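Structure assessment
Residues per chain, in single letters:
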Amino acid sequence: MIIIARLMFVVAIALFVPVLTNSGQLVLAKGHDNVREACSVTRFQSLCVETLAHFSSTAGRSPSKWARAGVSVSIGEVKRVRAYLSELKRHGHMKGRNRVALSDCVECFAYALDELHKSLGVLRSLSKSTFSTQMGDLNTWISAALTDEETCLEGFEAKNDMQIKLLQNQVQNASCITSNALALVNKLATTGLAGKHQ
Ligand SMILES: *[C@@H]1O[C@H](CO)[C@@H](O)[C@H](O)[C@H]1NC(C)=O
């Protein structure tokens, strides 16, 4: 009995696994086209595809969903970097100009996070009657977040300091991701809310 049961199990696996992987690949390939198409308007496309790929099936071909995904991912990254910066500040190893820059940076990231949160709020309550005002606000706030991140980056003096270089890489990453979010929002502004893909 046990042998037969095992045999049936093996046969079942042999029959079903190929079917599952084939359809899985089909879904993945289709989703991948969506994310590539959405990311084609961004400046840092491979970073865009890498950070947004898992939204492919839920966002489909909807510019408003991609804009929301972009801002959500940006919030996540800004939060992560802010926590890292705060931790560095708490340890207090930095000296002189970099110490001041780090304090400013923590503040800039708090502003950026606030601006991105406000943006996500708008993206969650889009309406046709206030669409152009909403797009204006989004552009203002996400641009401001980007400026805050870039201001942070400029304050440091790296020279050969590995810790500063690592910090700058992370801040740069956050600002590239925010730049991508802005591009996705601008795409939404040009497409509008009309049409079935919202
Ligand atoms: C950039 O951000 C993405 C998304 O959070 C993350 O996976 C990646 O490790 C980051 N890279 C750097 C250099 O911080």
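Bear in mind that the values here come from a model prediction, so they are computed numbers and not experimental data. (Residues numbered from 1 in each chain as written. Predicted model: local features only at pLDDT ≥ 70, side-chain atom pairs only at ≥ 80, totals over all residues. Heavy atoms only, no water.)

**Topic: the state of the cysteines**
Under the definition given, this model contains 2 disulfides. Here Cys39 is linked by a disulfide to Cys48, with a sulfur-sulfur distance of 2.0 Å. Between Cys39 and Cys48, the S-S torsion sits near -75°, and that sign places the bridge as left-handed. Here Cys39 and Cys48 have matching classes, each one buried. (Disulfide = S-S within 2.5 Å. Buried < 20%, exposed > 50% of the residue type's maximum accessible area, 1.4 Å probe, protein only.)

**Digging into the site of the ligand**
Thr51, Glu77, Arg80, Asn173 and Ile177 make up every residue found near the ligand. In the environment of the ligand, an oxygen atom lies 2.4 Å from a nitrogen or oxygen atom belonging to the side chain of Glu77. Interatomic distance of 2.3 Å between a side-chain N/O atom of Asn173 and an oxygen atom of the ligand. Protein chains shield 54% of the accessible area of the ligand, which is 360 Å² for the free molecule. Of all elements in the fold, only helix 4 (63–91) and helix 7 (162–191) reach the threshold of two or more residues within the shell around the ligand. The residue makeup of the shell around the ligand, split by class, is 1 nonpolar, 2 polar and 2 charged. (Near = heavy atom within 4 Å. Polar contact = N/O pair within 3.5 Å; in protein donor to acceptor, adjacent residues only side chain to side chain. Areas by Shrake-Rupley, 256 points an atom, 1.4 Å probe, with all protein chains shown as cover. Helix = DSSP H or I, 4+ residues; strand = E, 2+ residues; numbered from the N terminus. Nonpolar A, V, L, I, M, F, W, Y, C, P; charged D, E, K, R; others polar.)

**Observations regarding the side chain of Thr42**
Following the sequence through the fold, Thr42 ends up in the loop between helix 1 (2–39) and helix 2 (45–52). On the basis of relative accessible area, Thr42 is assigned to the buried category, the value being 6%. Within the local environment of Thr42, its side chain forms a polar contact with the backbone oxygen of Cys39, the two atoms lying 2.6 Å apart. The contact partners of Thr42, leaving out residues within four places of it in the chain, are Cys48, Asn180, Ala183 and Leu184. (Contact = heavy atoms within 4.5 Å.)

**Some thoughts on the pattern of salt bridges**
Inspection of the entire model under this criterion finds 4 salt bridges. For the salt bridge of Arg97 with Glu157, the shortest nitrogen-to-oxygen distance reads 3.8 Å. In this pair, Arg97 sits in helix 5 (residues 96–124) while Glu157 sits in the loop between helix 6 (131–154) and helix 7, placing the two residues 60 residues apart along the sequence. For Arg97, a relative accessible area of 46% gives the class partly exposed. (Salt bridge = Lys/Arg side-chain N within 4 Å of Asp/Glu carboxyl O.)

**Considering the environment of Leu113**
The residue Leu113 is located in helix 5 in this model. The class for Leu113 is buried, based on a relative accessible area of 5%. Considering only alpha carbons, one finds Leu113 and Asp148, 35 residues apart in sequence, at a separation of 9.7 Å. Ignoring any residue separated from it by four or fewer positions in sequence, one finds Leu113 in contact with Ile75, Val78, Lys79 and Arg82.

**Structural notes on helix 7**
Over its 30 residues, helix 7 extends 44 Å from the first C-alpha to the last, a length consistent with the 44 Å expected when each residue adds 1.5 Å. A side-chain oxygen of the first residue of helix 7 lies 2.9 Å from the backbone nitrogen of Gln163; this N-cap is Asp161. A positive phi of about 80° marks Gly192, the residue just after helix 7. (Expected span 1.5 Å × (residues − 1).)

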